[in-house]
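Residue-level listing of the chains:
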Amino acid sequence: MTRSNRHRPMSRAAYQAALVTLKAQHPWLAKQVVEPAPGHLAVLEHFVSQCELLMKPADYRHLPLFCATNQRDKLSLRVELVGASINRDRALLDLIEATRHAAQQHCPVCAAPVIGGDANAGQGVRCQQHETTIGLFAEDLKRNHKLAVAAGLLQAATKPEQSVRGEPLDPSIDDAVHALVQSLPDMKAASAAPEQPALQAPRATPPIAFLDAAGLRSFVERHRTKPDEKAKRAQYIAERIRTAGHERRKLGELPDDWPQLIEDFQRDFPNFAELADVLHDHFALHAMGDGRVAWSPILLIGPAGIGKTEAARWLASRLSLPFRVIDMASTQSSSPLAGSESFWSNSEPGVVFELLAYQPLANPVIVLDELDKTDQQRQYDPLAALYTLLEPRSARDFIDLSIRDFAIDASHVNWIATANSTEGIPAPLLSRMTVLQVRAPTPEQVAHIAQQIYGRMRAESPWGSVFAPKLDEEVVSQLKDLPPRTLGLALQRALGRAARDERDHIRASDLPAIPASSRRGIGFMA
């Protein structure tokens, strides 16, 4: 099948036929809401098949809720199980996250691969051929093109156009594709331009050997003769590892516009200039290589509530990497990181193993929150696993305590730790991290951050378009005294009050009273 045939828009009739086929193959979907974008049908079909591996037959016959819809070109999934174990719930959440990420890598119109899709972004990403079109189905694209021509916004196609590579476009492709080619006249010149310098050559990040396949087989065989529950657990773990990529894993790559990402980060987090500078160095180096997303372990030192964890979450979201926060202040041993010993009846893998073994990408972002508040006087040191994990050479052969049959490669994890000070953090750990000081934002920076948070809330919410694009100066002035952590909560309350009065903007009187303990200066270090 040629590329043009694979990546063509579907008609509504073909889409409905595909849904009928899907529900016929999986009868338990008959009474469920299944309305994805046509380009996400294949991803959804894979998700349904994986769900059946996680669920018992009784689960999906009497499933209380399964919903797969299209929201702003993104695949929206919701699944609920009755009486599911914690492990199965966790596995389902991981599967949903991986599926949403996979959907963002395909155009919602034609399923063509796209680069830089972010499952947490406000809107899905379309392929180059359909990024300027309206509609999801072939007849909608064609109709909207005709309307644009009638309105004088586009010229009617008079001859077959050529693609960027100079080859004729398939005449059966919708007129909307021809319109896009016409709207980008410089593309032909770009296709004939001299080759780019070596530093800008297309990247091909190689997969990594994540584990020893023989060790995984040995793990399953060793548990085959054990009690039924342990045998099932071993088979379940092995199946999830194989689903994510067997013994190999991919590395998340830098988006082509990574310099713009750095600029956006500096704009949204103006008091994190030093972190932006360090990331800029790392990204520039890896862009010269295979383009992988990687940085050495970073420790952010600064007052509470200034956005350290939120900055890490923003980076993971924009880089389309798996993300997890570990509250180090509440950990009582190293088991959250490295798993619990296999001789315990309730032994479970740690976060590192789960995040790497059950996801297709080997370079997630893990945040060690409040590292300085870890209680190291306990019998089991919560920091013990970090001496291995933060050192790339030793992390290549990381062994989870609950699964000792084989090691995994955890050397590509992107670590970010947060703390109020370096006191209480052992010197050997500090030597493994780049320590950066993060100052509390100035009132002017807080005003800018408030506008950015408000903008994100509008973009990510279905009701966002109802409200004014920017906050009034009077509102911003009143928010200047709040730490970044409190801004979102205050704006959420204010938006709710504005909605109750059916207003499209926030007034200063909508903001909740700011308690003295939340004002600037509290929690700041001398």
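Since the structure is predicted, the reported quantities are computational estimates derived from the model, not experimental observations.

A short note on helix 12 (residues 273–288)
Residues spaced three or four apart along an α-helix point in a common direction, a consequence of the helix completing one turn every 3.6 residues.
Here's step 1: Compared with an ideal rise of 1.5 Å per residue, which puts 16 residues at 22 Å, helix 12 spans 23 Å between its outermost C-alpha atoms and is within 8% of the ideal.
Here's step 2: Among the residues making up helix 12, those that are buried are Leu275, Ala276, Val278, Leu279, His282, Phe283 and Ala287. The buried residues of helix 12 all sit within an arc of 165 degrees when viewed along its axis, so they share a single face. Those residues of helix 12 that are exposed and aimed more than 90 degrees away from the buried face are Leu285 and Met288.
Here's step 3: Packed against the buried residues of helix 12 are helix 11 (258–268), strand 6 (298–301), helix 13 (308–318) and strand 10 (434–437).

Examining the state of the cysteines
Here's step 1: Following the criterion strictly, the structure yields zero disulfides and no others.
Here's step 2: Here Cys107 is not cross-linked by a disulfide; its sulfur's nearest cysteine counterpart is in Cys127, at 3.6 Å.
Here's step 3: Left unpaired, Cys110 is separated from the closest cysteine sulfur, that of Cys127, by 3.7 Å.

Comments concerning helix 21 (residues 484–500)
Here's step 1: With 17 residues, helix 21 should cover 24 Å at 1.5 Å per step; its first-to-last C-alpha distance of 25 Å lies within 8% of that length.
Here's step 2: If you check which residues of helix 21 are buried, you get Pro484, Thr486, Leu487, Ala490, Leu491, Ala494, Leu495 and Ala498.
Here's step 3: Looking at the residues trailing helix 21, positive phi occurs at Glu502, about 55 degrees.

Some points on the sheet that holds strand 9 (residues 414–419)
Paired through backbone hydrogen bonds, the strands of a sheet run either parallel or antiparallel to each other.
Here's step 1: Overall, parallel pairing links the five strands, which are arranged 7-8-9-6-10 in an open sheet. Each end of this open sheet is capped by a strand with a single partner; those strands are strand 7 (323–327) and strand 10. Taking each pair of neighbouring strands and ignoring which way they run, the sheet shows an average axis angle of 20 degrees.
Here's step 2: As defined by bridge partners, strand 7 adjoins strand 8 (residues 365–369) across five bridges and the pair is classed as parallel. Across the sheet, residue Asp327 finds its bridge partner in strand 8, namely Asp369.
Here's step 3: Contacts from helix 13 reach strand 6, strand 7, strand 8 and strand 9, with the element oriented near 160 degrees to strand 7.

Some points on the pattern of salt bridges
Here's step 1: As enumerated under the stated definition, the model contains 16 salt bridges in all.
Here's step 2: A salt bridge links Arg324 to Asp94; its shortest N-O distance comes to 3.7 Å. On the criterion of sequence distance, the pair formed by Arg324 in strand 7 and Asp94 in helix 5 (residues 86–104) is long-range, its members being 230 residues apart.
Here's step 3: For Arg324, a relative accessible area of 22% corresponds to the partly exposed category.
Here's step 4: Relative accessible area serves as the criterion here: at 5%, Asp94 is assigned to the buried category.
Here's step 5: Note that Asp510 is salt-bridged to Arg503, the shortest N-O span being 2.9 Å. Of the two residues, Asp510 and Arg503, neither departs from the other in class, the shared state being buried.
Here's step 6: A single network of salt bridges, built from pairs that share partners, joins Asp264, Arg267, Asp268, Arg318 and Arg456.

Remarks on unusual backbone geometry
Here's step 1: We note that His246 has phi near 55 degrees; this positive angle belongs to a residue other than glycine.
Here's step 2: Take His246: it is sitting in the loop between helix 10 (228–244) and strand 5 (248–249).
Here's step 3: The backbone of Ser320 sits at a positive phi, close to 55 degrees, despite the residue not being glycine.
Here's step 4: Assignment of secondary structure puts Ser320 in the loop between helix 13 and strand 7.

Some words on the packing of helix 2 (residues 12–25) against helix 3 (residues 41–54)
Here's step 1: Interhelical geometry of helix 2 versus helix 3 gives an angle of 5 degrees and a closest axis separation of 12 Å. Between helix 2 and helix 3, the interaxial angle falls into the category roughly parallel. Taken together, the residues of helix 3 that come into contact with helix 2 (itself represented by Tyr15, Ala18, Leu19, Leu22 and Gln25) are Leu41, Leu44 and Glu45.
Here's step 2: When grouped by side-chain class, the residues that make up the contact of helix 2 with helix 3 number six nonpolar, one polar and one charged.

What counts and what doesn't
Starting afresh in each chain, residues are numbered from 1 along the sequence in its written order. Given that this is a predicted model, residues contribute local features only at a pLDDT of at least 70 and side-chain atom pairs are listed and counted only at 80 or more, while totals for whole chains, interfaces and linings are drawn from all residues. In computing side-chain values, all of the structure's heavy atoms are included and hydrogens and water are not. By the criteria applied, helices consist of DSSP H or I runs no shorter than four residues and strands consist of E runs no shorter than two, each listed in order from the N terminus. An expected span of 1.5 Å times one less than the residue number is assigned to each helix. Relative accessibility under 20% of the residue-type maximum defines a buried residue, over 50% an exposed one, and the middle range a partly exposed one, all with a 1.4 Å probe and only protein chains included. It is the directions from the helix axis to the C-beta atoms that the arc portrays. By definition, residues are in contact when any of their heavy atoms lie within 4.5 Å. In this description, a disulfide is simply a cysteine sulfur pair whose atoms lie within 2.5 Å. Here, strands pair whenever DSSP counts at least two bridges between them. Axis definition: a line fit to C-alpha positions, over the contact stretch in the case of helices; interaxial angles, taken between N-to-C directions, run 0 to 180 degrees. Any Lys or Arg side-chain nitrogen found within 4 Å of a carboxyl oxygen on Asp or Glu counts as a salt bridge. With respect to orientation, any angle under 35 degrees is reported as roughly parallel, any angle over 145 as roughly antiparallel, any angle of 65 to 115 as roughly perpendicular, and every other angle as oblique. Classification used: nonpolar for Ala, Val, Leu, Ile, Met, Phe, Trp, Tyr, Cys and Pro, charged for Asp, Glu, Lys and Arg, polar for all others including Gly.

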